[in-house]
Amino acid sequence: MFEQKMIFRSKVEDPNSFARTGTLNLNGIEIPTPVFMPVGTRGAVKSLDSDDLDELGYELILGNTYHLYLRPGVEVLEKFGGLKNFVSYKKSLLTDSGGFQVFSLNSLVKFKKEGVEFRSHIDGSPHFFTPKKVVDIQRTIGSDIMMVLDDCPPGDASSARIKEALDRTHRWAEEAVDYWEKDKRSQHLFGIFQGGTNLELRLESLEKIRSLPFSGIAIGGLSVGEPRPDFIRTMEGISSYTDRTRPLYLMGVGTVPDILEGVRNGVDMFDCVLPTRNARNGQVFTSRGKVNLRNEKWKLSDEPMDPECKCKVCKRYSVGYIRHLHHVKELSAFSLSTYHNLHFMKKFMKQLRHSIEVGNFSEFFVKWKNLYERAEISR
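Owing to the predicted nature of the structure, the values given are computational and were not obtained by experimental measurement. (Residues numbered from 1 in each chain as written. Predicted model: local features only at pLDDT ≥ 70, side-chain atom pairs only at ≥ 80, totals over all residues. Heavy atoms only, no water.)

Let's talk about the UniProt feature "active site" (unreviewed entry) in the chain
No. 1: Per the UniProt record, the feature "active site" (unreviewed entry) sits at D96 and D271. The named residues occupy 176 residues along the chain; their greatest pairwise C-alpha distance, 10.3 Å, places them in one compact cluster.
No. 2: Within the element layout of this structure, D96 appears in strand β6 (residues 92–96).
No. 3: Not counting residues within four places of it along the chain, the set of residues in contact with D96 comprises G63, N64, T65, Q101, Q138, M147 and M251.
No. 4: Tracing the backbone through its elements, the reader meets D271 in strand β14 (residues 269–271).
No. 5: The class for D271 is buried, based on a relative accessible area of 8%.
No. 6: Look past the residues within four positions of D271 in its chain and what remains in contact with it is F36, M37, V39, L62, Y249, L250, M251, G252, V253 and G254.
No. 7: For D271, the side chain forms a polar contact with the side chain of Y249, separated by 2.6 Å. (UniProt positions renumbered as here; feature names shortened; annotations may be inferred. Helix = DSSP H or I, 4+ residues; strand = E, 2+ residues; numbered from the N terminus. Contact = heavy atoms within 4.5 Å. Buried < 20%, exposed > 50% of the residue type's maximum accessible area, 1.4 Å probe, protein only. Polar contact = N/O pair within 3.5 Å; in protein donor to acceptor, adjacent residues only side chain to side chain.)

Structure, rendered in structure tokens:
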């Protein structure tokens, strides 16, 4: 059995599901789980700054290796001593390996035994990612949690394509973890298992990644276009086989219903662009459900976006005013709506953890699932 440095401690487990609370310890910063991570793909959570993130209380955000490698580039990151110094964010950072972006943003990807050849979506310049190179880039970024390079097939991939992805993902995982173990620094490496919605292949991949000395394990290749019933079936199928001694991360998933399903099946970590992207498109999350700010019915409303919200936006501004900002395309519409949505996500995750600790997660699950699977609220 391999030796690993434990970065996760389980706290309270729900007796009726795989839901649990716990604590991630990342270089002295303790983060309660389940946790939602805002996405700062290129070194910024869109429309917010580091003061906003500190004010909101986020202690773990996500960046993307592919995008940061292209811009600002390794030279700039080296000069500034890593991304945290560059953006003046002093808490914890997780970086995706960029594998998903390589495959999703490029039509001319060439797989080779050593890695993947691709062209920049910005200027068409050629690049080559290997498992070791991706670790090296993330070392330069200075991530607390690094992700391995993997092959993420699309949701409608054939069994043959998924099997090919598993072979490649497992081979790259072995190479990456061997390389990382020679120079861990203060960084942790997470493995990723694939398999699409084929449960047999999912469990085969999980078994392989579990056998390697990663600090944590991530579920890749879900919520990439598969039907929602298949997503739920897959999550339920793997929940009994995950390693409960390590944190479980569901990549790229962060709607309220999907977080609930993930937590019910043992997931500890989530990230997603939807809370910030939807905010910029005029949709905010509230204690009453989703609100479309561009709807005419809010035009004369002097109420806050969410009467139960205590964020600085809801304390000061009416939903009618925020609707006006979106209607006339003022830039402040983006920042105010984004701030509110991330405040909502922070509060929602805190309430979710509390429901597990006091033993009413099942009721919490039903309430919020019903609330967020219906259409936007109306008066």
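Having seen the structure, we can now continue with the description.
Some words on the pairing of strand β5 (residues 60–64)
No. 1: The buried fraction of β5 is high, at five of five residues.
No. 2: Here β5 shows a buried face lined by L60, L62 and N64 and a second buried face lined by I61 and G63.

Re the UniProt feature "binding site: Zn(2+)" (unreviewed entry) in the chain
No. 1: UniProt's entry tags C309, C311, C314 and H340 with the feature "binding site: Zn(2+)" (unreviewed entry), counted in the numbering of this structure. Of the residues just listed, which span 32 residues, no C-alpha pair is farther apart than 8.5 Å, and they cluster in one region.
No. 2: In this structure, C309 sits in the loop between β16 (289–292) and α11 (312–316).
No. 3: Given the relative accessible area of 9%, C309 is considered buried.
No. 4: Residues within four places of C309 in sequence aside, it is in contact with C314, H340 and H343.
No. 5: Within the secondary structure, C311 sits in the loop between β16 and α11.
No. 6: Not counting residues up to four positions away in its chain, the partners in contact with C311 are Y339, H340 and H343.

Considerations on the domain arrangement of the chain
Often the size quoted for an interface is simply the accessible area lost on bringing the parts together.
No. 1: As assigned here, the chain comprises domain 1 (8–271) and domain 2 (279–371).
No. 2: Once you take the C-alpha centre of each, domain 1 and domain 2 turn out to be 27 Å apart.
No. 3: Domain 1 puts 32 residues into the contact, and the matching count from domain 2 is 23 residues.
No. 4: Interface area for domain 1 against domain 2, summed over the two sides, is near 2,400 Å², with a carbon-plus-sulfur share of 74%.
No. 5: The three residues of domain 1 that bury the most area against domain 2 are L56, V256 and L260, which together make up 24% of that side's buried surface.
No. 6: Here domain 1 is connected to domain 2 by three salt bridges.
No. 7: Of the charged contacts in the structure, one is a salt bridge between E357 and K11, with a shortest N-O distance of 3.5 Å.
No. 8: At the junction of domain 1 with domain 2, the criterion picks out nine residue pairs in polar contact (both at pLDDT 80 or more).
No. 9: For the side of domain 1 that touches domain 2, the secondary-structure elements that each account for two or more residues are β1 (8–13), β2 (20–26), β3 (29–33), β4 (35–37), α1 (50–56) and α9 (256–264). (Domains from an automatic or database assignment. Buried area = accessible area lost by both parts, 1.4 Å probe. Salt bridge = Lys/Arg side-chain N within 4 Å of Asp/Glu carboxyl O.)

Examining the sheet that holds β3
No. 1: The strand order across the open sheet formed by three strands is β1-β2-β3, and the pairing between neighbours is antiparallel. In this open sheet, the two strands that pair with only one neighbour each are β1 and β3. Between one strand axis and the next, the sheet turns through 20° on average, direction left out of account.
No. 2: As paired strands, β2 and β3 are joined by five bridges and run antiparallel to one another. Directly across from T23, in β3, lies its bridge partner P32.
No. 3: Set on the sheet, helix α13 (residues 331–358) makes contact with β1, β2 and β3; between it and β2 the angle comes to about 125°. (Pairing = 2+ DSSP bridges. Axes fitted to C-alpha atoms, helices over the stretch in contact; angles between N-to-C directions.)

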